[in-house]
Amino acid sequence: MSEKEQSSELSEFSNIDLAVTRDSYYGTIAEPVYSGVLSFMRRKYTKDLANVDVAVVGVPFDLSVTNRPGARFGPRSVREASAQLAWGKAWGWGIDPFDELSVVDWGDCLFDPGRPAAIPQALEQQFSHILAQNVATLAIGGDHFVTYPILQAHAKKHGKMSLIHFDAHCDTWRDDSARIDHGTMFFHAAEQGIIDPQSSAQIGIRTHNSETHGFNVFDADLVRKLGVPEVIKRVRAIVADKPCYLTFDIDCLDPSCAPGTGTPVVGGLQTAEALELLRGLSGINLVGMDLVEVSPNYDVAQITSLAGATIALNLLCLFAAAKKIK
């Protein structure tokens, strides 16, 4: 019996604390959602990346926010909410990503908050270490600045990438490259040749910037005007088969769906629309992904954390679907 088959043979509630007791990295095994050691989707906590396809990595950094702090608690809150999803197979995809992928929870990145100037390099080095072992990453932030050093690490491995960017904010405001800010990093990434704006798409934007810098922008009003299927069609054509990094800022969602974030903007996407968009992108050449800006101190009944965990799970499904096609 294979490792995958053995994991599926375990009966419901036959084990506890799967984050530390799990033998196999594969399979979905039920555990009481209200108890146990918490990891993302009850995956094994480990730094050992041998035979691993995807490492889930927390990045508890929020020193570059321009409004409400608290996203440093995002990784912990998303992990906690994910326990509500880990008892069964992911809905809407027709596959269980944990049957297709060996996934672990690598834990959180380490950095010294007293030395903020050194943090970007510390993050880039830790992600480069993971990628060097041919392991993909699903990062959970943290504020959106963390995507910048993660992109730098991915560019070393994959070269210039397309970016699919879900957000209320464009994060391309022109700025001095020496500043650490969660609203300017994609301007810098484009200027430095890390991402290609012409083959990139920004979805859900609803804040003003007079410069697009060549990015293809599908603001929230345009998404509603065109409809989700047409947006999917256009984004797929823009990205084509290029190596693609997908970043999802939870404030892309309307505050009614995600109140627990630092810079909420009304008029955003509904959670169901966002999930439909993600499912419609199945088959893209996804090389990395993240979910950022969950700030649980402003949340209500875990609405935002649960939305973040669900989106992160769907990103794993998107990655698994691409691998299955290959």
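Residues numbered from 1 in each chain as written. Predicted model: local features only at pLDDT ≥ 70, side-chain atom pairs only at ≥ 80, totals over all residues. Heavy atoms only, no water.

Would you mind showing me how to read helix H10 (residues 271–280) here?
Among all positions of H10, only Ala274, Leu275, Leu277 and Leu278 are buried. Buried residues of H10, viewed axially, fall in a sector of 155°; they line one side. (Buried < 20%, exposed > 50% of the residue type's maximum accessible area, 1.4 Å probe, protein only. Helix = DSSP H or I, 4+ residues; strand = E, 2+ residues; numbered from the N terminus. Arc of directions from axis to C-beta.)

Can you walk me through the sheet that holds strand E9 (residues 286–292) in this structure?
Remark on secondary structure: sheet strands pair via backbone hydrogen bonds, oriented parallel or antiparallel. One open sheet holds the nine strands; their spatial order is E1-E3-E2-E4-E9-E8-E5-E6-E7, and the pairing between them is parallel. Strands at the two margins of the open sheet, each flanked by one partner only, are strand E1 (44–45) and strand E7 (216–218). When strand E8 (residues 244–249) meets E9, the two strands line up parallel, connected through six bridges. Of the residues in E9, the one forming a bridge with Leu246 is Met289. This element, helix H3 (residues 74–82), spans E1, strand E2 (54–59), strand E3 (103–108), strand E4 (136–141) and E9 of the sheet and lies at about 105° to E4. Of the strands in this sheet, strand E5 (162–166), strand E6 (201–203), E7 and E8 touch helix H9 (residues 228–239), which is tilted by about 165° from E7. (Pairing = 2+ DSSP bridges. Contact = heavy atoms within 4.5 Å. Axes fitted to C-alpha atoms, helices over the stretch in contact; angles between N-to-C directions.)

Is there a simple way to think about the environment of Val54 in this case?
Relative to the helices and strands, Val54 resides in strand E2. For Val54, a relative accessible area of 0% translates into the label buried. Taking the C-alpha atoms as reference points, Val54 and Ala122, separated by 68 residues in sequence, lie 20 Å from one another. Val54 has contacts with Leu101, Ser102, Val103, Val104, Val135, Ala136, Thr137, Leu138, Met289, Leu316 and Phe319, leaving out every residue within four places of it along the chain.

Whenever I open this one, the pattern of salt bridges confuses me. Can you help?
Evaluation of the coordinates by the stated rule reveals 12 salt bridges. Here Lys89 and Asp99 are joined by a salt bridge, their closest N and O atoms 3.8 Å apart. Of this pair, Lys89 sits in the loop between H3 and helix H4 (97–100) while Asp99 is found in helix H4, placing the two residues 10 residues apart along the sequence. The exposure class assigned to Lys89 is exposed, which follows from its relative accessible area of 61%. (Salt bridge = Lys/Arg side-chain N within 4 Å of Asp/Glu carboxyl O.)

Hey, could you run me through the confidence of the model for the protein chain in this one?
Caution applies to low-pLDDT parts of the model: their predicted coordinates are not meant to be read in detail. This prediction gives the protein chain a mean pLDDT of 92; 95% of its residues lie at or above 70. With pLDDT under 50 throughout, residues 5–9 is counted as low confidence; its partners more than four residues away or in other chains account for six contacts. (pLDDT = per-residue confidence, 0-100.)

Honestly, the packing of aromatic side chains in this entry has me stumped. Any pointers?
Geometrically, a pair of aromatic rings is defined through the distance of the ring centres and the angle of the planes. Counting across every chain of the model gives four aromatic pairs. Between Phe61 and Phe111 the ring centres are 5.9 Å apart and the planes differ by 75°, which places this aromatic pair in the edge-to-face class. Taken as a pair, Phe61 in the loop between E2 and H3 and Phe111 in the loop between E3 and helix H5 (119–131) lie far apart in primary sequence, 50 residues in all. Taking relative accessible area as the criterion, Phe61 reaches 2% and is therefore assigned buried. Overall, the relative accessible area of 17% leaves Phe111 in the buried class. These aromatic residues form a ring-pair network of at least three members: Phe61, Phe111, Phe145 and Tyr148. The ring of Phe98 carries the charged tip of Arg43 above its face, separated from the ring centre by 4.0 Å. (Phe/Tyr/Trp six-rings, centres within 6.5 Å; stacked < 30°, edge-to-face > 60°. Lys NZ or Arg CZ within 6 Å of the ring centre and 35° of its normal.)

Got a minute to help me understand the environment of Val146 in this structure?
Checked against the element boundaries, Val146 lands in the loop between E4 and helix H6 (147–158). The class for Val146 is buried, based on a relative accessible area of 1%. Beyond its immediate sequence surroundings of up to four residues, Val146 is in contact with Val59, Phe61, Leu123 and Val292.

Explain the nonpolar core here, please?
One broad rule of soluble globular proteins: the nonpolar side chains tend to lie buried together. Among the nonpolar cores identified, the biggest contains 59 residues, and Ile164, Phe166 and Leu246 are the most heavily contacted of them. Top element by residues in this core is helix H11 (residues 303–325). It accounts for 12 residues. Ala139, Met185, Phe186 and Ala189 belong to the second largest nonpolar core, which has 37 residues in total. (Core = buried A, V, L, I, M, F, W, Y, C linked by side-chain atoms within 4.5 Å.)

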